[in-house]
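Tertiary structure, described
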Amino acid sequence: MMKRILIVGGANGIGLSMAQILVKRETTEKVYIVDKAPLADEFKNEKTESVEFNLTSSDYSIFDKYNDIDGLIITAGFGRLALFKDVPEEMIDAYFNVNTIPVIRIVKHFYDKLLGETKFCCGVMVSIAGYMSSPFFSLYGATKAALRVFIESVNVELEKAGSKNRILNVSPGSLKGTSFNQEKTDLSVTEPMATEILNHIEAQDDLFIPQYEEIFKQVLERYHKDFREEGRHSYDYKLNSGRVK
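Presented here is a report on the structure given in the accompanying data block. (Residues numbered from 1 in each chain as written. Predicted model: local features only at pLDDT ≥ 70, side-chain atom pairs only at ≥ 80, totals over all residues. Heavy atoms only, no water.)

1. Some points on the overall build of the protein
For clarity, the threshold we go by: Each helix corresponds to a stretch of at least 4 residues labelled H or I by DSSP, and each strand to a stretch of at least 2 residues labelled E; elements are numbered beginning at the N terminus. The globule rule used for comparison is 2.2 Å times the number of residues to the exponent 0.38, while the radius of gyration itself is calculated over C-alpha atoms. For every residue, the accessible area obtained with a 1.4 Å probe (protein chains only) is divided by the maximum for its type, and the residue is called buried under 20%, exposed over 50%, and partly exposed between those limits. Here a residue-residue contact requires only that any non-hydrogen atoms of the pair lie within 4.5 Å. Using a 1.4 Å probe, the Shrake-Rupley method yields the accessible areas, and only the shown protein chains count as cover for residues. Counting rule for charge: Lys and Arg are taken as positive, Asp and Glu as negative, and neither His nor the chain ends is counted. Lysine's charge is taken at NZ, arginine's at CZ, aspartate's at CG and glutamate's at CD.
Across its full length, the protein holds eight helices and seven strands. Whereas a compact globule of 245 residues would reach a radius of gyration of roughly 18 Å, the protein reaches 18 Å, a difference of no more than 12%. Within the protein, buried positions represent 49% of all 245 residues. Sequence separation of at least 24 residues holds for 69% of the intrachain contacts in the protein that already meet a minimum separation of 6. Surface exposure of the protein reaches about 12700 Å², of which carbon and sulfur atoms provide 50%. Charge centroids of the protein, computed over 30 positive and 35 negative side chains, lie 2 Å from each other.

Structure representation (structure tokens):
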């Protein structure tokens, strides 16, 4: 089990849920949380140490002080349902500067640990949107597709280098109980999924798609059979879901 864990994006959502599970373990020594938002007082205890940091910063030296960790979890990211024509041009940079580039920079910072012989656990929240066309999520999906290919490529490099460490790509659909859609985090709802993600991270798996057999196996099969038709289906589904404002 991980003992000293850094969670980037751990002040709310699924990251906060994982942090709360970890601090309850007797074996956990420290949970470091780096997030743009402050960690609420109710979630602070002797095992947590939180720092506010904006991932769009050019200076990532803040991560130098976390060299004692044996686990890295990155959950930071955002998405908004909107047609591309309605997305302001300046948001293009924002999407990649929060969802994609920070993950790559942070992984680079701790890459020696991934390459090492000592077990180092690592997990990144990606998205099922990174596997297929996703109307109303064109930019978000593009940022996650880039992450997916990055993780897949680096995992092969780790394998060829002789390392047993892997980066887990967690690619869910919509997760209930998180603050992704500007809602309040509900830990009672997110805890089962957070527990399952932690299990896959500590098993050093390289891919976890929640509800794969129940939902996404068929979705991906439809997509690969006819990506145009599945894109149209996705468009109509989102439009009829009531999630598009």
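2. Description of helix α7 (residues 212–225)
In plain terms, the rule: Of all possible arcs, the one meant is that of the directions from the helix axis to the C-beta atoms.
Looking at α7, one finds that the buried residues are Phe 216, Val 219, Leu 220 and Tyr 223. Within α7, the buried residues cover an arc of 95 degrees as seen down the axis, which keeps them to one side. Away from its buried face by more than 90 degrees, α7 exposes Glu 213, Glu 214, Gln 218 and Lys 225. Turning to α7, the residues buried within the fold contact α8 (227–241).

3. Thoughts on the sheet that holds strand β4 (residues 71–74)
The strands that make up a sheet are held in pairs by hydrogen bonds between backbone atoms, and each pair lies either parallel or antiparallel. Heads up, the rule is: Criterion used throughout: strands pair if DSSP finds at least two bridges between them. The convention used is that axes are lines fitted to C-alpha atoms, helices contributing only their stretch in contact, and that angles between N-to-C directions extend from 0 to 180 degrees.
Read across the sheet, seven strands follow the order β3-β2-β1-β4-β5-β6-β7 without closing on themselves; strand pairing throughout is parallel. Single-partner strands in this sheet number two, and they are β3 (48–52) and β7 (207–208). Here strand β6 (residues 167–170) pairs with β7 via two bridges, running parallel. Residue Val 170 lies in a different strand from β7, and its bridge partner there is Phe 208. Running at roughly 165 degrees to strand β1 (residues 4–8), helix α1 (residues 13–23) makes contact with β1, β2 (30–35), β3, β4 and β5 (121–125) of the sheet.

4. Quick word on helix α5 (residues 138–160)
Just so we agree on the cut-off: Expected span, for any helix, means 1.5 Å times one less than how many residues it has.
Compared with an ideal rise of 1.5 Å per residue, which puts 23 residues at 33 Å, α5 spans 33 Å between its outermost C-alpha atoms and is within 8% of the ideal. Turning to α5, its buried residues number three or more, namely Leu 139, Tyr 140, Gly 141, Thr 143, Lys 144, Leu 147, Arg 148, Phe 150, Ile 151, Val 154, Asn 155 and Leu 158. For α5, the secondary structure elements touched by its buried residues are α2 (90–99), α3 (101–109), α4 (111–115), β5 and β6. Immediately beyond the C-terminal end of α5, within one or two residues, lies Gly 162, with a positive phi of roughly 90 degrees.

5. Comments concerning the environment of Thr 28
By secondary structure assignment, the location of Thr 28 is in the loop between α1 and β2. Assessed through its relative accessible area of 2%, Thr 28 is described here as buried. Here the alpha-carbon distance between Thr 28 and Pro 210, two residues 182 residues apart in the chain, equals 26 Å. In contact with Thr 28, other than residues within four places in its own chain, are Met 2, Lys 3, Ile 5, Leu 22 and Lys 47.

6. Things to note about the packing of aromatic side chains
Defined as follows: Centre distance within 6.5 Å is the pairing criterion for rings of Phe, Tyr and Trp, where only the six-membered ring of Trp is used; planes under 30 degrees apart are then read as stacked, over 60 as edge-to-face, and the remainder as tilted. Two conditions define a charge sitting above a ring: the NZ of Lys or the CZ of Arg must be within 6 Å of the ring centre, and it must be within 35 degrees of the ring normal.
Using the criterion set out here, one finds nine aromatic pairs in the structure. The interplanar angle of 55 degrees and the centroid separation of 6.4 Å between the aromatic rings of Phe 63 and Tyr 66 together place this pair among those described as tilted. Among the residues examined, Phe 63 registers a relative accessible area of 0% and is labelled buried. Here Tyr 66 falls in the buried class, since its relative accessible area comes to 0%. Between Arg 105 and the ring centre of Tyr 60, over which it is positioned, the NZ or CZ distance is 3.8 Å. Arg 148 extends its terminal NZ or CZ atom over the ring of Tyr 131, reaching a point 4.7 Å from the ring centre.

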